[in-house]
Amino acid sequence: MTFIKKISRIYNRYMQRNANLLFRGILSTAPMSTNPKAQTILYCALSKNACRQYIAMAKSFLRFCSNVAVVVQDDGSLDVEQYKEIKNHILGVKIYSKNEMFEYIQKQAEKELLALLPTEDEYQQWTSIKIMYLKFLNVVFRFNGRKVIIVDSDLLFLRPPRVIIDWVESHYNSDFYGEGGNAKSKQFYDMGFSFDSLDIANFSSGTIGVGGSVSKVQLLDIFKRINEYDRELYKAWEIEQAIWAVVMSQRPNPLNLDSLKDLYIGSGWKSYRRLKNEAIIAHFAGAVRFNNFRYLRLLSDLILELKHGFNTVG
Ligand SMILES: [Mn+2]
């Protein structure tokens, strides 16, 4: 790793540890309403350092579309004050604790599947396993049969996401996702998964819309194959993303948002200008999240827009 990359990594980790301070401005904007009875859920898994980034992301979405039930899944690190802060800003939000998640999965999943899954100890130890529980297993068990938009806390919605709003309002018939990469694609081809309607090597789960029904048979099949192939894969960064790619590729016509236009989901590697002028959604990946202040500049634009009821990106 080059010196510059090392410095950048230290800088980004430092900034992320202090993100609640950097994002405190979002608390000066008005609370926003949601629809707890809506058929579609806006879902995000959350850890304590990303609490106010989450509030900013949620408000940036809700200003364009408030007809969603909003659910936060605590990874186990949020404190009581943060529960209050989220509830004060996102009206009607439902927050589940880590224990509620594990209890629910224990109750719902079959013994045979539970025996294959990483343990709660492994959840505490490995971020990838944590994400697999939070963003895959929990969604599949908790929201079986619902439409779920799974978002990261490190997104900002800059323009109305028309196709997503249409998806929210219509009956479920297909999923959507964004473009990305997966370092473990080869291993998943090797396991014999056939990627019919999308390719695992070009798939990101930073913003996805899913119908949350995955059959018991399919779940067992996926986790059996992973366990038999190499259980170490659970510790790979992209494991949750890989499993959603497997599931979604077996469903008809998943929509690749990034095929609709350049920078539908603009990555945090793009300049402030390009994100501001072109992106519908900006996604600030960890490695470069705070570089060049594009995230914080787009945040302060958002705060202005929320306060004054206009949209600076037009
Ligand atoms: Mn992300």
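Everything discussed here concerns the structure shown above.
What you are looking at is a predicted structure, and each value in this text was computed from that prediction instead of being measured.

Draft legend 1. Fine view of the overall build of the protein chain. Secondary structure summary: the protein chain contains 14 helices and twelve strands in total. For 314 residues, the compact-globule formula gives about 20 Å, and the C-alpha radius of gyration of the protein chain, at 19 Å, lands near that figure. When the 314 residues of the protein chain are sorted by exposure, 55% land in the buried category. Once local pairs closer than 6 in sequence are excluded, the contacts in the protein chain between residues at least 24 apart make up 77%. Per element, the accessible surface of the protein chain, about 14100 Å² overall, is 51% carbon and sulfur. Across the protein chain, the centroid of the 41 positively charged side chains sits 7 Å from that of the 32 negatively charged ones.

Draft legend 2. Molecular detail of the packing of aromatic side chains. Under the counting rule described, the total for this entry stands at 16 aromatic pairs. Consider the rings of phenylalanine 102 and tyrosine 133, whose centres lie 4.9 Å apart with planes at 40 degrees: the pair is tilted. A residue pair is termed long-range when its members are at least 10 positions apart, and phenylalanine 102 in helix H5 (residues 98-108) and tyrosine 133 in helix H8 (residues 127-142) qualify at 31 residues. A single burial state applies to phenylalanine 102 and to tyrosine 133, both of which are buried. An aromatic cluster of three or more residues is present, and its members are Phe23, Phe284, Phe290 and Tyr295. Seen from the ring of tyrosine 104, arginine 142 lies directly overhead, with NZ or CZ sitting 4.1 Å from the centre.

Draft legend 3. Up close: the coordination of the manganese ion. Bound to the manganese ion on the protein side are Asp152 (OD), Asp154 (OD), Asp154 (OD) and His283 (NE2), at distances that span 2.2 to 2.5 Å. Spacing between the donor residues of the manganese ion along their common chain follows D-x1-D-x128-H. Of this pair, aspartate 154 sits in the loop between strand E6 (147-151) and strand E7 (155-157) while histidine 283 is found in strand E12 (residues 281-283), placing the two residues 129 residues apart along the sequence. Among the residues examined, aspartate 154 registers a relative accessible area of 6% and is labelled buried.

Draft legend 4. Looking closely at the packing of helix H3 (residues 51-62) against helix H4 (residues 80-89). At a minimum axis separation of 11 Å, H3 and H4 run at an interaxial angle of 15 degrees. Viewed along their axes, H3 and H4 adopt a mutual orientation that is roughly parallel. For the element pair H3 and H4, the recorded crossing hand is right-handed. Every residue of H4 that contacts H3 at Cys51, Arg52, Tyr54, Ile55 and Lys59 is listed here: Gln82, Glu85, Ile86 and His89. Residues belonging to the contact of H3 with H4 are distributed by class as follows: four nonpolar, two polar and three charged.

Draft legend 5. Representation of the side chain of lysine 59. Take lysine 59: it is sitting in helix H3. With near-sequence residues (within four places) excluded, lysine 59 lies in contact with Ile26, Thr29, Ala30, Pro31, Met32, His89, Ile90 and Leu306.

Draft legend 6. Representation of the pattern of salt bridges in the model. Going through the model one piece at a time under the given rule, you end up with 16 salt bridges. Glutamate 112 is paired through a salt bridge with lysine 224; the nearest N and O atoms lie 3.4 Å apart. Taken together, the residues glutamate 112 in helix H6 (residues 111-116) and lysine 224 in helix H11 (residues 216-229) connect sequence positions 112 residues apart. Between glutamate 240 and lysine 135 there is a salt bridge, with its nearest N and O atoms 3.9 Å apart. Separated by 105 residues along the polypeptide, glutamate 240 in helix H12 (residues 239-249) and lysine 135 in helix H8 bring together distant segments of the chain. Given a relative accessible area of 5%, glutamate 240 falls into the buried group. The exposure class assigned to lysine 135 is buried, which follows from its relative accessible area of 10%. Linked through salt bridges whose partners overlap, the residues forming this network are Lys135, Asp152 and Glu240.

Draft legend 7. Expanded view of the sheet that holds strand E11 (residues 265-267). Strand order in the open sheet made by the three strands is E7-E12-E11, with mixed pairing throughout. The sheet terminates laterally at E7 and E11, the two strands that pair on one side only. Shown here is a sheet whose adjacent strand axes are inclined to one another by a mean of 20 degrees, direction ignored. Across three bridges, the pairing between E7 and E12 is antiparallel. Residue pairing for E12: leucine 156 is matched across the bridge by alanine 282.

Draft legend 8. Here's a closer look at the environment of isoleucine 239. Looking at the secondary structure, you find isoleucine 239 in helix H12. Given a relative accessible area of 1%, isoleucine 239 falls into the buried group. Along the sequence, isoleucine 239 and serine 28 sit 211 residues apart, while their C-alpha atoms lie 37 Å from each other.

Conventions adopted
- Throughout this description, residue numbers start from 1 for each chain and increase along the sequence as written.
- For a predicted model such as this one, the threshold for reporting local features is a pLDDT of at least 70, and the threshold for listing and counting side-chain atom pairs is 80 or more; totals across whole chains, interfaces and linings nevertheless cover every residue.
- To obtain the side-chain values, all non-hydrogen atoms of the structure were used and water was disregarded.
- The helix and strand labels rest on DSSP assignments: H or I over at least four residues marks a helix, E over at least two residues marks a strand, and numbering proceeds from the N terminus.
- The globule rule used here is 2.2 Å times the number of residues to the 0.38 power, and the radius of gyration it is set against is calculated over C-alpha atoms.
- The classification of residues rests on relative accessible area computed with a 1.4 Å probe and restricted to protein chains. Under 20% of the type maximum is buried, over 50% is exposed, and intermediate values are partly exposed.
- Contacts are assigned to residue pairs with any non-hydrogen atoms lying within 4.5 Å of each other.
- Accessible areas in this description were obtained via Shrake-Rupley with a 1.4 Å probe; residue shielding takes into account the shown protein chains only.
- Charge counting follows a simple rule: Lys and Arg are positive, Asp and Glu are negative, and His as well as the terminal groups are ignored.
- Charge placement uses NZ in Lys and CZ in Arg. For Asp and Glu, CG and CD serve respectively.
- Aromatic pairing here means that ring centres of Phe, Tyr or Trp (its six-membered ring) are within 6.5 Å. Orientation follows from the plane angle: under 30 degrees is stacked, over 60 is edge-to-face, and everything else is tilted.
- As a reminder, the over-ring test applies to NZ of lysine and CZ of arginine, requiring each to be within 6 Å of the ring centre and within 35 degrees of the ring normal.
- Any N, O or S atom lying within 2.8 Å of the metal counts as a donor, and for Na, K and Ca the limit rises to 3.2 Å; water is left out, so some sites can look incomplete.
- Axis geometry follows a simple rule: fit a line to the C-alpha atoms, using only the stretch in contact for helices, then measure angles between N-to-C directions, giving values from 0 to 180 degrees.
- Orientation labels follow simple angle bins: below 35 degrees gives roughly parallel, above 145 gives roughly antiparallel, 65 to 115 gives roughly perpendicular, and whatever is left gives oblique.
- A clockwise turn of the near helix away from the far one marks a right-handed crossing, whereas an anticlockwise turn of less than a right angle marks a left-handed crossing.
- Under the convention adopted here, Pro, Cys and the residues Ala, Val, Leu, Ile, Met, Phe, Trp and Tyr are nonpolar, Asp, Glu, Lys and Arg are charged, and Gly plus all remaining residues are polar.
- Here a salt bridge means any side-chain nitrogen of Lys or Arg lying within 4 Å of a carboxyl oxygen belonging to Asp or Glu.
- When DSSP locates at least two bridges between a pair of strands, those strands are taken to pair.

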